[in-house]
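# Structural overview for review
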Amino acid sequence: MEAIEELAVQPCTSSLYLRPFRLSYRQNGTKKFWDFMRTHDSVSILIFNTSRQCFVVVKQFRPAVYMCEIERHQPQVFENQDKESLPSLENPLPAVVGVTYELCAGIVDKPGLSLEEIACEEVLEECGYRVSTADLRRITSYRSGVGVTGSRQTLFYAEVNDQMRTSGGGGQPEEGELIEVVEIPLGESMKFAYDETFPKTMGVIFSFMWFHNNIAPKLPKK
Ligand SMILES: Nc1ncnc2c1ncn2[C@@H]1O[C@H](COP(=O)(O)OP(=O)(O)O[C@H]2O[C@H](CO)[C@@H](O)[C@H](O)[C@H]2O)[C@@H](O)[C@H]1O
Ligand SMILES: [Mg+2]
């Protein structure tokens, strides 16, 4: 699927996306510290296509996931952390080990826009469906990564149909996004949710369950 080449890892000393800090504090008299990362909040959207009775999710190469698999198979890559650059990756694993199924999602990095407006932009850019903020139903929000980032993700639900599709989606090529839009038929969705051979986020599993509890019972009988 993906051709990932010329891999090289190095320590990250400054980033637009995350900043590491250490908070020291005293809790009930005991001195402690905790290392954490400042990063953006995010939105994600469960999309259900009523014309085709399927969920619309995205699939993309995630470097962080890929490197977890590398560490599992080639732990030496992360040794000698103080060296300027870590050894280059010889015989890298196939890119597919870093590809995950996810809900359409995006970071909240546009100060002038509401969460709903950012969600609509992501649905259009990543999946090619034109939805308005009135088409969105807020499901809930939760903390993703409480140990390291503590950031909040807000989850929305959007029903779409084939007439709302304006393009194939796929993300913004100018930002280097390469996203594959994937349809999961409703009838196969719970099997998919628990099938560990399809690597996925918890957002996918949780939102499919939410749909089965809250939306599926009200769908017109076919
Ligand atoms: N660490 C990084 N290094 C380099 N470039 C980066 C980067 N983070 C973002 N970018 C750049 O910014 C773009 C952001 O894309 P999106 O807004 O779609 O967020 P994404 O879906 O990746 O993550 C959102 O959605 C996922 C899935 O829910 C959440 O896990 C996540 O916290 C949330 O930000 C990326 O395509 C990339 O160009
Ligand atoms: Mg995204």
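Residues numbered from 1 in each chain as written. Chains lettered and ligands numbered in written order. Predicted model: local features only at pLDDT ≥ 70, side-chain atom pairs only at ≥ 80, totals over all residues. Heavy atoms only, no water.

This part covers the overall build of the protein. Across its full length, the protein carries four helices and nine strands. Reading the secondary structure of the protein in the N-to-C direction produces β-β-β-β-α-β-β-α-β-β-β-α-α. In terms of principal-axis extent, the alpha carbons of the protein reach across some 60 × 50 × 35 Å. Out of the 222 residues in the protein, the part that is buried amounts to 35%. Of the roughly 13800 Å² of accessible surface on the protein, 53% is carried by carbon and sulfur atoms. Mean positive and mean negative side-chain charge positions of the protein (23 and 30 charges, respectively) differ by 10 Å. (Helix = DSSP H or I, 4+ residues; strand = E, 2+ residues; numbered from the N terminus. Buried < 20%, exposed > 50% of the residue type's maximum accessible area, 1.4 Å probe, protein only. Areas by Shrake-Rupley, 256 points an atom, 1.4 Å probe, with all protein chains shown as cover. Lys, Arg positive; Asp, Glu negative; His and termini not counted. Charge placed at Lys NZ, Arg CZ, Asp CG, Glu CD.)

For the rest of this paragraph, the subject is the coordination of the magnesium ion (ligand 2). The magnesium ion (ligand 2) binds to the protein through A105 (O) and E126 (OE); the donor distances cover 2.2 Å. With A105 in strand β6 (residues 104-107) and E126 in helix α2 (residues 115-127), the pair connects residues that are 21 residues apart, well separated along the chain. Both residues of the pair, A105 and E126, belong to the buried class. (Donors = N, O, S within 2.8 Å, 3.2 Å for Na, K, Ca; no water.)

Near ligand 1 you find Y17, S42, R62, A105, G106, I107, E122, E126, Q153, E175 and E177, and these make up its full shell. A distance of 2.9 Å is found between an oxygen atom of ligand 1 and a side-chain nitrogen or oxygen belonging to R62. Within the contact set of ligand 1, an oxygen atom lies 3.0 Å away from a side-chain nitrogen or oxygen of E126. The fraction of the free accessible surface of ligand 1 (730 Å²) that becomes covered by protein chains is 63%. When contributions to the shell around ligand 1 are tallied by element, the ones reaching two or more residues are β6 and α2. The leading source of residues in the shell around ligand 1 is β6, at three residues. Among the residues forming the shell around ligand 1, the class breakdown is three nonpolar, three polar and five charged. (Near = heavy atom within 4 Å. Polar contact = N/O pair within 3.5 Å; in protein donor to acceptor, adjacent residues only side chain to side chain. Nonpolar A, V, L, I, M, F, W, Y, C, P; charged D, E, K, R; others polar.)

The next point concerns α2. Here α2 is 13 residues long and its end C-alpha atoms lie 17 Å apart, about the 18 Å a rise of 1.5 Å per residue gives. Three or more residues of α2 are buried, namely I118, A119, C120, E122, V123, E125, E126 and C127. Turning to α2, the residues buried within the fold contact β3 (42-49), β4 (54-61), β6, β7 (136-144), β8 (151-160) and β9 (180-185). Downstream of α2 by a residue or two, G128 has a phi angle that is positive, lying close to 85 degrees. (Expected span 1.5 Å × (residues − 1). Contact = heavy atoms within 4.5 Å.)

Looking now at a nonpolar patch on the surface. On the surface, L16, Y17, L18 and I107 cluster together into a nonpolar patch covering about 420 Å² of accessible area. Assignment of secondary structure puts I107 in strand β6. (Patch = residues over 30% accessible without salt bridge, like charges linked within 9 Å, V, L, I, M, F, W, Y side chains within 5 Å. Salt bridge = Lys/Arg side-chain N within 4 Å of Asp/Glu carboxyl O.)

Ring pairs (aromatic) are described by centroid distance and by the angle formed between their planes. All told, the structure shown has twelve aromatic pairs when counted by the stated rule. Taking the centre distance of 5.2 Å and the plane angle of 80 degrees together, the rings of Y101 and F192 count as edge-to-face. Taken together, the residues Y101 in strand β5 (residues 99-102) and F192 in helix α3 (residues 189-194) connect sequence positions 91 residues apart. What makes Y101 buried here is its relative accessible area of 11%. For F192, a relative accessible area of 7% corresponds to the buried category. For the ring pair Y101 and F198, a centre distance of 5.6 Å and an interplane angle of 90 degrees mean the geometry is edge-to-face. (Phe/Tyr/Trp six-rings, centres within 6.5 Å; stacked < 30°, edge-to-face > 60°.)

Attention now moves to helix α1 (residues 63-73). Of all the residues in α1, the buried ones are Y66, M67, E69 and I70. Taken down its axis, α1 places every buried residue within 155 degrees of arc, on the same side. In α1, the exposed positions that point more than 90 degrees away from the buried face belong to A64 and R72. Residues of α1 that are buried sit in contact with β4. (Arc of directions from axis to C-beta.)

Bringing the side chain of S44 into the picture now. The residue S44 is located in strand β3 in this model. Residue class for S44 comes out buried when judged on its relative accessible area of 2%. If sequence neighbours within four positions are ignored, S44 has contacts with L103, C104, A105, Y142, Q153, T154, L155 and F156.

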